[in-house]
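Results of the structural survey
One letter stands for each residue in the lines below.
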Amino acid sequence: MPVTRITLLQGYSDAALRQLSGLLQQALVAEFSVPRQDCFQIIEMLPVAQRVFDRHYLSDGRSDDFVLFQITAGRPRSRQQKQQFYHALCSALQREMGIAPEDVMIVIQFNTTEEWSFSGGRMLAQEAL
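The shown structure was predicted, so the numbers you read here are calculated from the model rather than taken from an experiment.

Rules used in this analysis
- Residues numbered from 1 in each chain as written.
- Predicted model: local features only at pLDDT ≥ 70, side-chain atom pairs only at ≥ 80, totals over all residues.
- Heavy atoms only, no water.
- Helix = DSSP H or I, 4+ residues; strand = E, 2+ residues; numbered from the N terminus.
- Buried < 20%, exposed > 50% of the residue type's maximum accessible area, 1.4 Å probe, protein only.
- Contact = heavy atoms within 4.5 Å.
- Expected span 1.5 Å × (residues − 1).
- Arc of directions from axis to C-beta.
- Pairing = 2+ DSSP bridges.
- Axes fitted to C-alpha atoms, helices over the stretch in contact; angles between N-to-C directions.

**A word on the side chain of Thr4**
Relative to the elements of secondary structure, Thr4 occurs in strand β1 (residues 3–9). Residue Thr4 is classed as buried on the basis of its relative accessible area, which comes to 1%. Thr4 has contacts with Leu24, Leu28, Phe40, Gln41, Ile42, Phe69, Gln70 and Ile71, leaving out every residue within four places of it along the chain.

In structure tokens, the structure reads:
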């Protein structure tokens, strides 16, 4: 039940955004145990001046193509699942869209079902998962 906010530079076409969204969803399903229909993403395209980031902090170098994925997820995943997800997403973005792995930053936060209401003001019950 992740929700992902994707922040990237202005200028991507609708087709490229659909492709980016699809690659993220494929990696979540394959490596993060997310049901295929569980897809909630917000994509923000911002001008250069509204994206402030260090080009070299803990990286070999980021370009203007820098993409940030902020994922809020329910149940925690293992260290291995997270690492496989990071690798799968970066590999797919590089292979399919030419986005360098150095330009991909992923941040994951976990919480409990009590922090989720998918619809109607109803708290998500643990049993629903």
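Don't stop here, the text continues.
**A look at helix α2 (residues 79–97)**
An ideal rise of 1.5 Å per residue puts 27 Å on 19 residues; α2 measures up with 27 Å between its terminal C-alpha atoms. All of the buried residues in α2 are Gln81, Phe85, Leu89, Cys90, Ala92 and Leu93. The buried residues of α2 occupy one face: seen down the axis, they fall within an arc of 160 degrees. Exposed residues pointing more than 90 degrees away from the buried face of α2 are listed as Arg79, Gln80, His87 and Arg95. Its buried side turned inward, α2 meets α1 (14–31), β3 (67–73) and β4 (104–110). Downstream of α2 by one or two residues, Gly98 has phi in the positive range, about 75 degrees.

**Focus on the sheet that holds strand β2 (residues 41–46)**
Two pairing modes exist for strands in a sheet, parallel and antiparallel, and in both the strands are linked by backbone hydrogen bonds. If you walk across this open sheet you meet the 4 strands as β2-β1-β3-β4, and the pairing is mixed. Edge positions in the sheet fall to β2 and β4, since each has one partner strand and no second. Pairwise comparison of adjacent strand axes, ignoring direction, gives a mean angle of 15 degrees for this sheet. Seen against the sheet, α2 touches β3 and β4 and runs at an angle of roughly 145 degrees to β4.

The values reported here are purely geometric and, on their own, carry no functional implication.
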